[in-house]
Amino acid sequence: MITWITPAGSLGLLTERIPIDIQLQATTNLAAVTYSLIAGSLPRGLKLINGAVKGSPTEVKVYTESRFVIRASDGVDIEDRTFNLAVD
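Residue indices follow the written sequence of each chain, beginning from 1 at its first position. The predicted nature of this model means local features are confined to residues of pLDDT at least 70 and side-chain atom pairs, given and counted, to a pLDDT of 80 or more, with totals for whole chains, interfaces and linings taken over all residues. Hydrogens and water molecules were not included; the side-chain quantities draw on all heavy atoms of the structure.

Q: Break down the packing of aromatic side chains for me, citing the residues and quoting the values.
A: By convention, a stacked pair of Phe, Tyr or Trp rings (six-membered ring in the case of Trp) has centres within 6.5 Å and planes under 30 degrees apart, an edge-to-face pair has planes over 60 apart, and any other such pair is tilted. With the rule as written, the count across this model stands at three aromatic pairs. Aromatic pair F68 and F83: ring centres 6.2 Å apart, planes at 35 degrees, arrangement tilted. In this pair, F68 is assigned in strand β8 (residues 64-73) and F83 in strand β9 (residues 78-87), connecting sequence segments 15 residues apart. Accessibility classification places F68 together with F83 in one group, the buried group. A run of DSSP states H or I qualifies as a helix once it reaches four residues; a run of E qualifies as a strand once it reaches two. Both are numbered from the N-terminal end. Think of it in three bands: with a 1.4 Å probe and only protein chains considered, a residue is buried below 20% of the maximum accessible area for its type, exposed above 50%, and partly exposed in between.

Right, here's the structure in full:
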């Protein structure tokens, strides 16, 4: 069974061109947890790498909010969680 530690919802308000590294966390009694983006999209300039949202958000003309779903998997079980990030 996979249990998310990172709460669903907002992961924060980001500033354009400022690098970020937000580690997502989920636990399991089995193997290591892997993470994948299964719906929506991250703000431009960001990527999901080994369970962390990393990069520098690109410039936006107006306040922009991105909503996305991350899947945590241990090879047996899966658990999805919805997050959002805003860029200003």
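Q: Hey, could you go over the pattern of salt bridges for me, with residue numbers and the actual values?
A: The salt bridge definition used is simple: a Lys or Arg side-chain nitrogen within 4 Å of an Asp or Glu carboxyl oxygen. For the structure on display, the rule yields three salt bridges. In this structure, E59 engages R17 in a salt bridge whose closest nitrogen and oxygen atoms are separated by 2.8 Å. You can see E59 sitting in the loop between β7 (52-55) and β8 and its partner R17 sitting in the loop between β2 (9-14) and β3 (20-23), a full 42 residues away along the chain. Take E59 and R17: they sit in the same class, and that class is exposed. Residue R71 pairs with D80 through a salt bridge whose shortest N-O separation is 2.8 Å.

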